[in-house]
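Now for the letters of each chain:
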Amino acid sequence: QVQLVESGGGLVQAGGSLRLSCVASGSIVRINAMGWYRQAPGKQRELVARISSGGNTNYADAVKGRFTISRDSVATVYLQMNSLTPEDTAVYYCNAIKSGSIYWGKGTLVTVSS
C-alpha cells in the first residue's frame, strides 16, 4: 500500500506561480514513476506531467514550457507551475505507479483567477 499526500494548492492570480508537493509513504520501494494529473469540473482526468525513477519526464502539450516536474527522491515529487491561466484551474492529483498498480492522492485544488 502506498499513501500519497499533496500540498501547495490554492488561489492564485493569472500569471502567477504555485509549487505543488507530493510525498509518498508506506510501501514506497520500487515505485516506477510518479506524476501529476488534473481534473476540471465535468471533464476527464488528464495527465499533466510525470517523471520516472530514472528522471525521464513527460508533459502535456498545454503545460509545456510553463510547468516543471522534479523530485527529491523516488517518493517525493514537485510540480512548479508558472504563468498560470484560468484554464489551469482544476483539482490536481498526485499518482504513483508500482508493479503495475496505480495509487492516487486525494487531490489539491488550484484556482487561477482571471
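Refer to the structure printed above.
Calculation notes
- Residues numbered from 1 in each chain as written.
- Predicted model: local features only at pLDDT ≥ 70, side-chain atom pairs only at ≥ 80, totals over all residues.
- Heavy atoms only, no water.
- Helix = DSSP H or I, 4+ residues; strand = E, 2+ residues; numbered from the N terminus.
- Rg over C-alpha atoms; globule rule 2.2 N^0.38 Å.
- Contact = heavy atoms within 4.5 Å.
- Areas by Shrake-Rupley, 256 points an atom, 1.4 Å probe, with all protein chains shown as cover.
- Lys, Arg positive; Asp, Glu negative; His and termini not counted.
- Charge placed at Lys NZ, Arg CZ, Asp CG, Glu CD.
- Core = buried A, V, L, I, M, F, W, Y, C linked by side-chain atoms within 4.5 Å.
- Buried < 20%, exposed > 50% of the residue type's maximum accessible area, 1.4 Å probe, protein only.
- Salt bridge = Lys/Arg side-chain N within 4 Å of Asp/Glu carboxyl O.
- 1 Å grid on protein atoms, 1.4 Å probe; cavity = no way out; pocket = protein on both sides within 12 Å on 5 of 7 lines; lining within 4 Å.
- Points joined across faces, edges and corners; volume = space filled by probe spheres on them.

1. A word on the overall build of the protein
(1) Moving on: Counting its regular elements, the protein contains zero helices and eleven strands.
(2) Moving on: Listing the helices and strands of the protein from first to last along the sequence gives β-β-β-β-β-β-β-β-β-β-β.
(3) Moving on: Scaling as 2.2 N^0.38, a compact globule of 114 residues should have a C-alpha radius of gyration of about 13 Å, and the protein matches this with 13 Å.
(4) Moving on: Counting only C-alpha atoms, the protein reaches 40 × 25 × 20 Å along its principal axes.
(5) Moving on: A separation of at least 24 residues holds for 53% of the contacts in the protein among residues at least 6 apart in sequence.
(6) Moving on: Roughly 6,000 Å² of accessible area belongs to the protein as shown, and the carbon and sulfur atoms make up 48% of that amount.
(7) Moving on: Positive and negative side-chain charges of the protein, numbering 11 and 6 respectively, have mean locations separated by a distance of 8 Å.

2. Describing the nonpolar core
(1) Moving on: Core analysis: the largest hydrophobic core is formed by 28 residues, its most contacted members being Leu4, Met34, Trp36, Leu79, Met81 and Tyr92.
(2) Moving on: Broken down by secondary-structure element, the contributors of at least two residues to this core are strand 1 (2-7), strand 3 (18-26), strand 4 (31-39), strand 5 (46-52), strand 7 (67-73), strand 8 (76-81), strand 9 (90-98) and strand 11 (108-113).
(3) Moving on: Residues contacting Leu79, with those up to four places away along its chain left out, are Leu18, Arg19, Leu20, Trp36, Val48, Ala49, Phe67, Thr68, Ile69 and Tyr92.

3. Quick word on the pattern of salt bridges
(1) Moving on: Throughout the structure, instances matching the rule amount to four salt bridges.
(2) Moving on: When the shortest N-O distance is used, the salt bridge between Asp88 and Arg38 registers 2.9 Å. Note that Asp88 is positioned in the loop between strand 8 and strand 9 and Arg38 in strand 4, a separation of 50 residues in sequence. Like Arg38, Asp88 is buried.

4. Quick notes on the environment of Ser113
(1) Moving on: Mapped onto the secondary structure, Ser113 falls in strand 11.
(2) Moving on: Residue class for Ser113 comes out partly exposed when judged on its relative accessible area of 29%.
(3) Moving on: Taking the C-alpha atoms as reference points, Ser113 and Gly26, 87 residues apart in sequence, are found 36 Å from one another.

5. Details of empty space enclosed by the protein
(1) Moving on: Following the criterion strictly, the structure yields one cavity of 30 Å³ or more and no others.
(2) Moving on: Within this model, the largest cavity holds a volume of roughly 50 Å³.
(3) Moving on: Together, Ile31, Asn32, Ala33, Met34, Ile51, Ser52, Ser53, Arg71, Ser73 and Val74 line the largest cavity.
(4) Moving on: Looking at the lining of the largest cavity element by element, the count peaks at four residues for strand 4.

6. With respect to the side chain of Asn95
(1) Moving on: Inspection of the secondary structure puts Asn95 in strand 9.
(2) Moving on: Not counting residues up to four positions away in its chain, the partners in contact with Asn95 are Leu4, Ala33, Met34, Gly35, Trp36, Tyr37, Ile102, Tyr103 and Trp104.

7. Brief notes about unusual backbone geometry
(1) Moving on: Unlike most non-glycine residues, Arg30 shows phi in positive territory, near 70°.
(2) Moving on: As for its placement among the helices and strands, Arg30 is situated in the loop between strand 3 and strand 4.
(3) Moving on: The class for Arg30 is exposed, based on a relative accessible area of 69%.
(4) Moving on: Although it is not a glycine, Ser83 adopts a positive phi angle of roughly 50°.
(5) Moving on: Along the chain, Ser83 falls in the loop between strand 8 and strand 9.
(6) Moving on: The partly exposed category is assigned to Ser83, whose relative accessible area is 40%.

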